[in-house]
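What follows is the residue order along each chain.
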Amino acid sequence: FYFDNISLSISSGYIAKLSPNGSWEWASELSFTANAEASIALKSNGDIFVATANKIVTFDQSGQTQNEFVFTPSSGSFEILDLVLDHSDNIYLGG
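As the structure is a prediction and not an experimental result, all values here were calculated from the model. (Residues numbered from 1 in each chain as written. Predicted model: local features only at pLDDT ≥ 70, side-chain atom pairs only at ≥ 80, totals over all residues. Heavy atoms only, no water.)

(A) Up close: the pattern of salt bridges. Applying the stated criterion across every chain, the model contains 2 salt bridges. Residues glutamate 25 and lysine 17 are paired through a salt bridge, measuring 3.5 Å at the closest nitrogen-oxygen approach. Across the pair glutamate 68 and lysine 55 runs a salt bridge, and its minimum N-O distance is 3.7 Å. On the criterion of sequence distance, the pair formed by glutamate 68 in strand 8 (residues 65-70) and lysine 55 in strand 7 (residues 55-59) is long-range, its members being 13 residues apart. Using a relative accessible area of 15% as the deciding quantity, one classes lysine 55 as buried. (Salt bridge = Lys/Arg side-chain N within 4 Å of Asp/Glu carboxyl O. Helix = DSSP H or I, 4+ residues; strand = E, 2+ residues; numbered from the N terminus. Buried < 20%, exposed > 50% of the residue type's maximum accessible area, 1.4 Å probe, protein only.)

(B) The sheet that holds strand 7, seen in detail. An order of 5-6-7-8 is seen for the 4 strands of this open sheet, with the pairing classed as antiparallel. Among the strands making up the open sheet, the edge pair consists of strand 5 (39-42) and strand 8. Neighbour-to-neighbour, the strand axes of this sheet turn through a mean angle of 15°, independent of strand direction. (Pairing = 2+ DSSP bridges. Axes fitted to C-alpha atoms, helices over the stretch in contact; angles between N-to-C directions.)

(C) Structural context of the pairing of strand 7. Most of strand 7 is tucked away: 5 of the 5 residues are buried. Bridge analysis of strand 6 (residues 48-52) against strand 7 gives 5 bridges, and the strand direction is antiparallel. Residue pairing in the sheet places valine 50 in a bridge with valine 57 of strand 7. Hairpin remark: strand 6 followed by strand 7, antiparallel, with 2 residues in the connecting loop; positive phi at alanine 53, about 50°. Pairing between strand 7 and strand 8: 5 bridges, direction antiparallel. Paired with phenylalanine 59 across the two strands is threonine 65, which belongs to strand 8. Here strand 7 folds back onto strand 8 in antiparallel fashion, the turn holding 5 residues, of which glycine 63 has a positive phi close to 90°.

(D) Just a nonpolar patch on the surface, in detail. Residues Phe69, Phe71, Phe78, Ile91 and Leu93 make up a contiguous nonpolar surface patch of roughly 410 Å² in combined accessible area. Tracing the sequence through the fold places leucine 93 in strand 10 (residues 91-94). (Patch = residues over 30% accessible without salt bridge, like charges linked within 9 Å, V, L, I, M, F, W, Y side chains within 5 Å. Areas by Shrake-Rupley, 256 points an atom, 1.4 Å probe, with all protein chains shown as cover.)

What follows is the structure, encoded as structure tokens:
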């Protein structure tokens, strides 16, 4: 995939940032299940949370992966369908 002058090999998904004038600033691959839906939220400091299936990945403001959290229940299944941050950066998940 090409985001103007940014070339990225993508097997499952991506997250990318556009500037206010429409120029691509960066793009990063998401290592999620192919065709999975993702929910994106921004922290007050500009860090990014991306959630899909049973995983939350955090990125810094330049698109670099910071942390990855995988939720594995002891029984049954677990799927994140929505992720929202409030004004205090508390995380709320829906599934």
